[in-house]
Amino acid sequence: SFDLYPAAFSSKYGNATGGIIDVALREPKHKNFTTTLHTSFLTAGVMVESGIGDNQSFYATYRRSTLDKLLNAEDMNDDKDEGFNINQLPISDDYQLKYNARIDENNSISIMAAGASDSMAATFNENHEEAVRDPDFAGPASIAQGFDSQGVTWDWKKNGKELTSIL
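Residues numbered from 1 in each chain as written. Predicted model: local features only at pLDDT ≥ 70, side-chain atom pairs only at ≥ 80, totals over all residues. Heavy atoms only, no water.

Any chance you could explain the environment of Ala101 here in plain terms?
For Ala101, the position within the fold is in strand E6 (residues 84–104). Each C-alpha atom of the pair Ala101 and Ser57 lies 6.8 Å from the other, and the pair is 44 residues apart in sequence. In this structure, Ala101 is in contact with Asn55, Gln56, Asn107, Ser108 and Ile109, ignoring residues within four places of it in sequence. (Helix = DSSP H or I, 4+ residues; strand = E, 2+ residues; numbered from the N terminus. Contact = heavy atoms within 4.5 Å.)

Have a look at this one:
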């Protein structure tokens with residue numbers, strides 16, 4: 001789930017300033033082993049999910065952009081000379097993993113991992129509008145960003161109260 005708090009958010013977010021985007025992964029479903037494939041013009045992905053025994057379950061998912069597989073970057077560079085050439089079309093991918101063990105009716109432990117990456121590359125010619133203003137902009141440019149995050153949480157419930165501890 002994604003929740004946006006542009007202002008007046010609660011104290012649980014600490015010393016945050018500006019807005020908050022609160023992201024949460026759902027709990028794995030306790031069901032028979034299931035594989036789901038997804039494909040479209042922009043992305044392709046796979047998800048596996050299953051229960052393990054009576055009190056454990058997990059899911060793992062991976063998704064990747066497909067634009068660079070369907071189109072050739074060199075074909076995107078036409079003869080109009082717009083001041084740049086595409087060297088690599090945008091590539092993005094992401095993954096999520098979550099394992100949940102229900103210890104008893106009041107306690108459960110979850111292990112999570114998530115990550116994403118994005119990259120692309122282009123070459124800016126001397127006649128590109130930015131390079132005309134500042135010659136340092138001319139030449140190859142690329143961007144590659146990503147993140148990986150892992151965590152363990154313990155959820156405890158008793159007498160109608162809930163406590164989540166991030167380990």
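Which parts of the structure should I look at to understand the packing of aromatic side chains?
All chains considered together, the criterion is met by 1 aromatic pair. Ring centres of Phe84 and Phe124 lie 6.2 Å apart, and the angle between their planes is 40 degrees; this geometry places the pair in the tilted category. Residue Phe84 is found in strand E6, and its partner Phe124 is found in strand E7 (residues 107–124); the two are separated by 40 residues along the sequence. (Phe/Tyr/Trp six-rings, centres within 6.5 Å; stacked < 30°, edge-to-face > 60°.)

Can you help me understand the sheet that holds strand E8 (residues 139–158) in this one?
Within a sheet, adjacent strands bond to each other through the backbone by hydrogen bonds, running parallel or antiparallel. If you walk across this open sheet you meet the 7 strands as E3-E4-E5-E6-E7-E8-E9, and the pairing is antiparallel. Across the chains shown, the open sheet's two edge strands, defined by having one partner strand only, are strand E3 (34–39) and strand E9 (161–166). For this sheet, the mean angle separating the axes of adjacent strands, direction not counted, is 10 degrees. Bridge count for strand E4 (residues 43–52) against strand E5 (residues 56–65) is 10 bridges, and the pairing is antiparallel. When the sheet's bridge partners are listed, Val46 is paired in E5 with Tyr62. (Pairing = 2+ DSSP bridges. Axes fitted to C-alpha atoms, helices over the stretch in contact; angles between N-to-C directions.)

Just to check I follow, could you spell out the pairing of E3 for this structure?
Each regular strand carries side chains that alternate between the two faces of the sheet. Inspection of the sheet shows E3 paired to E4 by 6 bridges, in the antiparallel sense. Counterpart to Leu37 in the pairing with E4 is Val46. Here E3 folds back onto E4, and the loop between the two strands holds 3 residues.

Which parts of the structure should I look at to understand a nonpolar patch on the surface?
Among the surface-exposed residues, Phe41, Leu42, Leu70, Leu71 and Met76 lie close enough to one another that they form a single nonpolar patch of about 480 Å² accessible area. For Leu71, a relative accessible area of 34% puts it in the partly exposed group. (Patch = residues over 30% accessible without salt bridge, like charges linked within 9 Å, V, L, I, M, F, W, Y side chains within 5 Å. Areas by Shrake-Rupley, 256 points an atom, 1.4 Å probe, with all protein chains shown as cover. Salt bridge = Lys/Arg side-chain N within 4 Å of Asp/Glu carboxyl O. Buried < 20%, exposed > 50% of the residue type's maximum accessible area, 1.4 Å probe, protein only.)

In this structure, what is going on with the pairing of E7? I would like to understand it.
With 17 bridges joining them, E6 and E7 adopt antiparallel strand pairing. Each bridged residue has a counterpart across the sheet, and for Leu97 the counterpart in E7 is Ala113. Taking the residues between adjacent antiparallel strands as the criterion, E6 and E7 are bridged by 2 residues.

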